[in-house]
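A structural walkthrough
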Amino acid sequence: IEHEGQTVALLPCGTGLASSFNAEGVQKLYALISEEMVNIGTHMLLGPGINIHRLPLNGRNFEYLSEDPYLSGKIAAALVRGVARYGNSATIKHFAANSQEYFRRDVDAIMSERAAREIYLKSFEYAVREGHPTSLMTSYNPINGIWSANNYDLNTLILREEWGYEGLVMTDWWPKLSAEKNDEYMNLINMVEGQNDVYMPTTDALTFKDNLPTAIE
């Protein structure tokens, strides 16, 4: 297809890829995509999305791979390896528990540690351990009351220390860091301490700029 003056490949959606149950084929396909990325001057792919198909009405289900953590993780790992074939980076997302599109910036994903580890984090674990991605995007939502972008247990203890991830962690675009507007920018310090490396564009750049030095101090 034509996109911004470039001819690019049109791929099956994430669910279609996972429905093949063919990790080797997905890896070969995305190696070709990696070559195409080199040709058009793009170095980072903002995907795959690997959250679990939990809610049938989730507007991102077409992008996410499966309702099964094992299948999602194995396909995601293959996709990441394929993109890396020519030195490019896939960005696994949305870490973690982005299970619905409606109200996704605010909905609190309440779950036990067992549910988190066996269902909602497992696909990410496979992708990290077997795919070795160099980029990961956090989700908008809080988990058990703690916003994903600020979550030290999620981004440091589990992702980096337990799984051995050494790559970049970025927020989603225009994320919220708190339920309270006045606290949002001050929570930048929690984001930094949680090892979320990059804060993507904010809706209020001036306020963000004014509060950043205070937050760092």
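Attention in this report is confined to the structure presented alongside it. In this text, all values refer to a predicted model and were calculated from it rather than measured experimentally.

Another aspect to go through is the layout of surface pockets. Here the largest pocket defines a volume of roughly 590 Å³. Along the walls of the largest pocket sit 25 residues, with Leu11, Pro12, Tyr30, Ile33 and Leu45 positioned nearest its centre. If you list the elements that add at least two residues to the lining of the largest pocket, you get helix H1 (14–18), helix H2 (23–40) and strand S3 (44–45). Broken down by element, the lining of the largest pocket gets its largest block of residues, five residues, from H2. Classifying every residue of the lining of the largest pocket gives 19 nonpolar, four polar and two charged.

Attention now moves to the side chain of glutamate 63. Assignment of secondary structure puts glutamate 63 in the loop between S3 and helix H3 (69–83). Take glutamate 63: its relative accessible area is 17%, and that puts it in the buried class. A distance of 2.8 Å separates polar atoms of two side chains, one belonging to glutamate 63 and the other to arginine 60. In terms of polar contacts, glutamate 63 uses its side chain to reach the side chain of lysine 93, at 3.3 Å. In this structure, glutamate 63 is in contact with Gly14, Gly49 and Lys93, ignoring residues within four places of it in sequence.

Moving on to the sheet that holds S3. Pairing within the open sheet is parallel, and its four strands lie in the order S3-S4-S5-S8. Here the strands that pair on one side only, and so sit at the sheet edges, are S3 and strand S8 (168–170). Pairing of strand S5 (residues 135–138) with S8, which is carried by three bridges, proceeds in the parallel orientation. Bridged to serine 135 within S8 is leucine 168. With respect to the sheet, H3 is in contact with S3 and strand S4 (89–95), its orientation differing from that of S4 by roughly 150 degrees.

To continue, consider the pattern of salt bridges. Tallying each qualifying case throughout the model produces 14 salt bridges. As a salt-bridge pair, arginine 104 and glutamate 101 come within 3.6 Å of each other at their nearest N and O atoms. Looking at arginine 104, the relative accessible area reads 10%, which means it is buried. Residues aspartate 172 and arginine 104 are paired through a salt bridge, measuring 3.6 Å at the closest nitrogen-oxygen approach. Pair noted here: aspartate 172 is in the loop between S8 and helix H7 (181–184) and arginine 104 is in the loop between S4 and helix H4 (113–120), with a separation of 68 residues, a long-range link. Here aspartate 172 and arginine 104 have matching classes, each one buried. Three or more residues joined by partner-sharing salt bridges are found here, namely Arg60, Glu63, Lys93, Glu101, Arg104 and Asp172.

Now for the packing of aromatic side chains. Tallied over the full model, the rule gives four aromatic pairs. Taken together, a centroid distance of 5.5 Å and an interplanar angle of 90 degrees make the contact between tyrosine 70 and tyrosine 126 edge-to-face. Taken together, the residues span a long stretch of sequence, with tyrosine 70 in helix H3 and tyrosine 126 in helix H5 (residues 122–131) at a distance of 56 residues. Classification of tyrosine 70 as partly exposed rests on a relative accessible area of 47%.

This brings us to the environment of leucine 17. Within the fold, leucine 17 resides in helix H1. The exposure class assigned to leucine 17 is buried, which follows from its relative accessible area of 6%. Excluding residues within four positions of it along the chain, leucine 17 makes contact with Pro12, Val26, Leu29, Tyr30 and Leu79.

Another aspect to go through is the packing of H3 against H5. Two numbers describe how H3 lies on H5: the axes approach to 7 Å, and their chain directions differ by 35 degrees. In this structure, H3 crosses over H5, and the sense of that crossing is right-handed. Residues Pro69, Tyr70, Ser72, Gly73, Lys74, Ala76, Ala77, Val80 and Arg81 of H3 form the contact with H5, whose participating residues are Lys122, Ser123, Tyr126, Ala127, Glu130 and Gly131. Of the residues that constitute the contact of H3 with H5, the class distribution is seven nonpolar, four polar and four charged.

Calculation rules
Residues numbered from 1 in each chain as written. Predicted model: local features only at pLDDT ≥ 70, side-chain atom pairs only at ≥ 80, totals over all residues. Heavy atoms only, no water. 1 Å grid on protein atoms, 1.4 Å probe; cavity = no way out; pocket = protein on both sides within 12 Å on 5 of 7 lines; lining within 4 Å. Points joined across faces, edges and corners; volume = space filled by probe spheres on them. Helix = DSSP H or I, 4+ residues; strand = E, 2+ residues; numbered from the N terminus. Nonpolar A, V, L, I, M, F, W, Y, C, P; charged D, E, K, R; others polar. Buried < 20%, exposed > 50% of the residue type's maximum accessible area, 1.4 Å probe, protein only. Polar contact = N/O pair within 3.5 Å; in protein donor to acceptor, adjacent residues only side chain to side chain. Contact = heavy atoms within 4.5 Å. Pairing = 2+ DSSP bridges. Axes fitted to C-alpha atoms, helices over the stretch in contact; angles between N-to-C directions. Salt bridge = Lys/Arg side-chain N within 4 Å of Asp/Glu carboxyl O. Phe/Tyr/Trp six-rings, centres within 6.5 Å; stacked < 30°, edge-to-face > 60°. Left-handed = near helix turned anticlockwise from the far one by under 90°.

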